[in-house]
Amino acid sequence: MNVETLYGLGAAALVGIGLYGLIVLAHPLRKIIAFNVMGSGVFVLFGALAKRGAAAGLHADPVPQALLITAIVVAFAASALAVALIVRLIESTDSASLASDPPDGSRD
Amino acid sequence: MSTPGGLLLALAVLLPFVGMLLGLVAGGRHVRRIAFATMLVGLGIAVGIAWAWLQAGELAYLLGDWSPPLGIALRADGPAVAMLLAVAGVVCGIGLYARADFDTPAGSSESRAAFSYWLLLLAVWGSLNLVFVSGDLFTLYVALELLTFAGVPLVCLAGSGETLRAALRYLLFALCGSVLYLLGVVLLYGGYGTVDMRLLAEAVQAEPIARTALALMTVGLLAKTALFPLHIWLPPAHGGAPAAASAVLSALVIKGSWFLVLRLWCDVMPGVAGASAAQLLGGLGAAAIVVGSVVALRQQRLKLLVAYSTVAQIGYLFLMFPMALTGTGVHDGAVAAGVLQAISHATAKAGMFMAAGLVYAALGHDRIDDLAGAARALPIALLAFLIGGVALMGVLPSGAYLAKKLLLDAADGSGQWAWTWVLQGGAVFTAGYVVLVGVRVLRRPAQPLAELKPISLLSQWAALGLSLASLGLALTAVVGPLPASLISNPLSPKELGNTLAVLAIGTLLAWGLARRPLFSITSGSLRGTTQALARGFEQGDHFIRRWPSAMVAMLGIAATFGWLLARA
């Protein structure tokens, strides 16, 4: 097994763990962490693909690295916005629950 | 190579963001002025793009004169130009409406909501323009994220706990969709070494990596568009935001990710997509129409009714896919119909949300059961609401009518009779909630309405203007690029009979499914059965909108797409 495949499998595992967390974890902060784990999996995969695409004497294809840094900034901004919303939510309701109202209007 | 007029594409993206940054620095009362100046110039740019497109066909602009795959290209074809122009028009209409709501009077310190609203409106506009003209899938990822980041704060402008919760749900679910989309982009880059859409369209083969990427990207975009059963976030977000913000979210923001599905399926990977997966996309659309409309009839508040009507209308946007992709290339008429449907929904739904907001502002509530007499008190606002609804029903000469006609032709052409029924039947559900609201507001009130708060006349006319634009959209066929023969006489017996039949069946639906009986006629077992059915729909909708079920549905749809794509 070469190093790219190893990184690819690691990426798949991270995406799987993140996805599992997104489905089963209820607290929004945990969801954000799960989202970041899943995102990291995608970034690792991109890095592995860059390594595999090495050509013209370079160690790795430079385009994925340029794209990756943008994607990381976007994911960071998303996490920051989400955390800011959680802080405001806790300030105004004393709870971070995402549960919605049932159709008849009473809370569950 | 850049074409003449190509620079306009870059300006269309830049201008709203420049306006936003200027507003951020200037602050206070200047924000609104800067926003209006930006709208005026932006509308001019959109018209300029349309003009250049009519003269010379497709526009392209290479940033820094670098060609793809290394550089980034902006391109605008027919659908992109149409969307650019429509969005510019709707943004200006919404801006006129919001002028009174988000005002910072002289002498007062700036209010957070007014300040944020104008900046976010410009940010949504710039992001959407970027979605329409982007030539590569990674720039589109960034554009979609910008769109989400601009849309989420619009949900919680009021700052109450309920709206913050809705905004957070929206953001988290949209982020799940983004990661899936990004994973697809990464896989495509790994397989073909480019993210440029033109180069990909030439290189892509119907092989596992392209199928996996398409399935992941599609489901990620569906989560952002809120197509049933992934509409977990839409009703609380669109129902809870201020009306001027709901109009932006419902009319514009969801169109961004929808447009990208259209691009992927019809431009980048029509050979990979295949007919059977397109049938699933259309099937989800049909389910959205039924569930969204029935649950809309059960709502007690006007804004939530409009929000659920958006769930249903998103379904209509996806009905074009089975007709566009039949396994033998892409049907252009069906694509035109999809774009037309998106534009008519953008204009009509903006008008309807504005009208609902005006009703709330004037009466202090928007409980549908207590709206008796509202039509007399607020004639322009409710006319805007009802005209918007009628336009969405697909009555001549609305854009929805023309879209339906184009899709019916395409369905006939490819022998897909089943979809003819869905297309004809869809209007009935829309008629249901239009009739419901119409009957409620036209009823004579038991006691005269309590004192009304004054509402801005400009806001009322802006709402009416957008609804009328949707109703008259088919007239573009006479002057625009579509054949005029598509329009028949609206008063011919066939059209009139069709409209009356749709209204009659819609009335029956409203009678059977609405929470409170439509008329005072009491009837026994039949209404009991339909009520039980409607409650079942409501509970099903509530179950689907729980977080774990929505996530599992997302995975299930991705897997089903993968399976259907591999089978084709």
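Predicted model only: the values in this text are computed from it and were never measured.

## Regarding the overall build of chain A
Point 1. Each helix and strand in chain A was counted, giving three helices and zero strands.
Point 2. Across the 108 residues that make up chain A, the buried fraction comes to 33%.
Point 3. Look at the contacts in chain A between residues 6 or more apart in sequence, and 47% of them connect residues 24 or more apart.

## Points about the overall build of chain B
Point 1. A tally of regular secondary structure across chain B gives 24 helices and two strands.
Point 2. For 568 residues, the compact-globule estimate of 2.2 N^0.38 gives 24 Å, and chain B sits close to it at 23 Å.
Point 3. Taken over the C-alpha atoms alone, chain B extends approximately 70 × 60 × 50 Å along its principal axes.
Point 4. Buried positions account for 61% of the 568 residues belonging to chain B.
Point 5. For chain B, the proportion of contacts with a sequence separation of at least 24, taken over those separated by at least 6, is 81%.

## Description of the pairing of strand β2 (residues 73–76) of chain B
If a strand is regular, its side chains alternate between the two faces of the sheet.
All names here are of chain B.
Point 1. Going residue by residue along β2, you find Ala 73 and Arg 75 tucked away on one face and Leu 74 and Ala 76 tucked away on the opposite face as well.
Point 2. Pairing geometry for strand β1 (residues 59–62) and β2, over four bridges, is antiparallel. Directly across from Ala 60, in β2, lies its bridge partner Arg 75.

## Brief notes about the interface of chain A and chain B
Point 1. At the interface, 32 residues of chain A touch 31 residues of chain B.
Point 2. Contributing elements (two or more residues each) for the side of chain A that touches chain B: α1 (3–24), α2 (28–52) and α3 (62–93) of chain A.
Point 3. With 15 residues, α3(A) is the largest single contributor of residues to the side of chain A that touches chain B.

## As for helix α10 (residues 243–268) of chain B
Residue and element names in this part refer to chain B.
Point 1. End to end, α10 covers 36 Å across 26 residues, agreeing with the expected 38 Å (1.5 Å per residue, within 8%).
Point 2. The largest bend along α10 reaches roughly 35° and is located at Lys 255.
Point 3. In terms of burial, α10 is a largely internal element, 25 of the 26 residues being buried.

## Notes on the environment of B:Met217
Residue and element names in this part refer to chain B.
Point 1. Examined against the element boundaries, Met 217 turns out to sit in helix α8 (residues 208–225).
Point 2. Given 30 C-beta atoms within 10 Å, Met 217 falls into the buried group.
Point 3. Counting along the chain gives 246 residues from Met 217 to Ala 463, while the straight-line C-alpha distance between them is 35 Å.
Point 4. Not counting residues within four places of it along the chain, the set of residues in contact with Met 217 comprises Tyr 181, Gly 184 and Leu 264.

## Quick look at the environment of B:Ala273
Residue and element names in this part refer to chain B.
Point 1. Relative to the elements of secondary structure, Ala 273 occurs in helix α11 (residues 270–273).
Point 2. For Ala 273, a count of 28 C-beta atoms within 10 Å puts it in the buried group.
Point 3. For Ala 273 and Leu 96, which are 177 residues apart along the polypeptide, the C-alpha to C-alpha distance reads 41 Å.
Point 4. When near neighbours in sequence (up to four residues on either side) are disregarded, Ala 273 contacts Leu 214, Trp 265, Ala 278 and Leu 325.

## Let's talk about the packing of helix α2 (residues 30–56) of chain B against helix α4 (residues 112–133) of chain B
Helix packing geometry: the angle between the two helix axes and the distance between the axes.
Residue and element names in this part refer to chain B.
Point 1. Axis separation between α2 and α4 bottoms out at 9 Å; the angle between their running directions is 20°. Between α2 and α4, the interaxial angle falls into the category roughly parallel. The two elements α2 and α4 cross, and the hand of that crossing is left-handed. Contacts between α2 and α4 involve Val 31, Arg 32, Ala 35, Thr 38 and Gly 42 from the first element and Phe 115, Trp 118, Leu 119, Leu 121, Leu 122 and Trp 125 from the second.

## Structural notes on the confidence of the model for chain A
Point 1. Here chain A averages 84 in pLDDT, while 88% of its residues score no lower than 70.
Point 2. Scored below 50 in pLDDT, residues 101–108 of chain A shows seven contacts in the model against residues more than four places distant or in partner chains.

## Looking at the packing of helix α3 (residues 78–101) of chain B against helix α20 (residues 457–471) of chain B
Residues and elements named next belong to chain B.
Point 1. Interaxial distance between α3 and α20 falls to 7 Å at its minimum, and their mutual angle equals 160°. Relative to α20, the element α3 lies roughly antiparallel. Note that α3 runs across α20; the crossing there is left-handed. Across from Val 90, Gly 93, Leu 96, Tyr 97, Arg 99 and Ala 100 in α3, the residues of α20 making contact are Leu 458, Ser 459, Ala 462, Ala 463, Gly 465 and Leu 466.
Point 2. Per-class residue counts for the contact of α3 with α20 are eight nonpolar, three polar and one charged.

## Regarding the confidence of the model for chain B
Residue and element names in this part refer to chain B.
Point 1. With 94% of its residues at a pLDDT of 70 or more, chain B has an overall mean of 86.
Point 2. Within chain B, the element-level pLDDT minimum falls on helix α21 (residues 476–479), averaging 64, and the maximum on helix α5 (residues 137–155), averaging 93.
Point 3. Predicted complex, confidence summary: ipTM 0.91, pTM 0.91.

## Thoughts on unusual backbone geometry
Leave glycine aside and you will find that most residues have negative phi; peptide bonds, for their part, are mostly trans.
All names here are of chain B.
Point 1. Phe 228 connects to Pro 229 through a cis peptide bond whose omega is 0°.
Point 2. Relative to the elements of secondary structure, Pro 229 occurs in the loop between α8 and α9 (234–240).
Point 3. Phi at Asp 65 is positive, roughly 60°, even though this residue is not glycine.
Point 4. Position of Asp 65 relative to the elements: it lies in the loop between β1 and β2.
Point 5. Of note in the backbone geometry, Ala 226 takes a positive phi value of approximately 70° without being a glycine.

## Examining the environment of B:Leu84
All names here are of chain B.
Point 1. Take Leu 84: it is sitting in helix α3.
Point 2. Sequence separation between Leu 84 and Leu 513 is 429 residues; the distance between their C-alpha atoms is 38 Å.
Point 3. Apart from residues no more than four positions distant in its own chain, Leu 84 is found in contact with Ala 12, Ala 46, Ile 49, Ala 76, Asn 129 and Phe 132.

Cut-offs used in this document
- Residues numbered from 1 in each chain as written.
- Chains lettered and ligands numbered in written order.
- Predicted model: local features only at pLDDT ≥ 70, side-chain atom pairs only at ≥ 80, totals over all residues.
- Helix = DSSP H or I, 4+ residues; strand = E, 2+ residues; numbered from the N terminus.
- Buried ≥ 20, exposed ≤ 12 C-beta atoms within 10 Å, placed from the backbone.
- Contact = placed C-beta atoms within 7 Å.
- Rg over C-alpha atoms; globule rule 2.2 N^0.38 Å.
- Pairing = 2+ DSSP bridges.
- Expected span 1.5 Å × (residues − 1).
- Bend = angle between axes of the 7 residues up to and from the residue.
- Axes fitted to C-alpha atoms, helices over the stretch in contact; angles between N-to-C directions.
- Parallel < 35°, antiparallel > 145°, perpendicular 65-115°, else oblique.
- Left-handed = near helix turned anticlockwise from the far one by under 90°.
- pLDDT = per-residue confidence, 0-100.
- Nonpolar A, V, L, I, M, F, W, Y, C, P; charged D, E, K, R; others polar.

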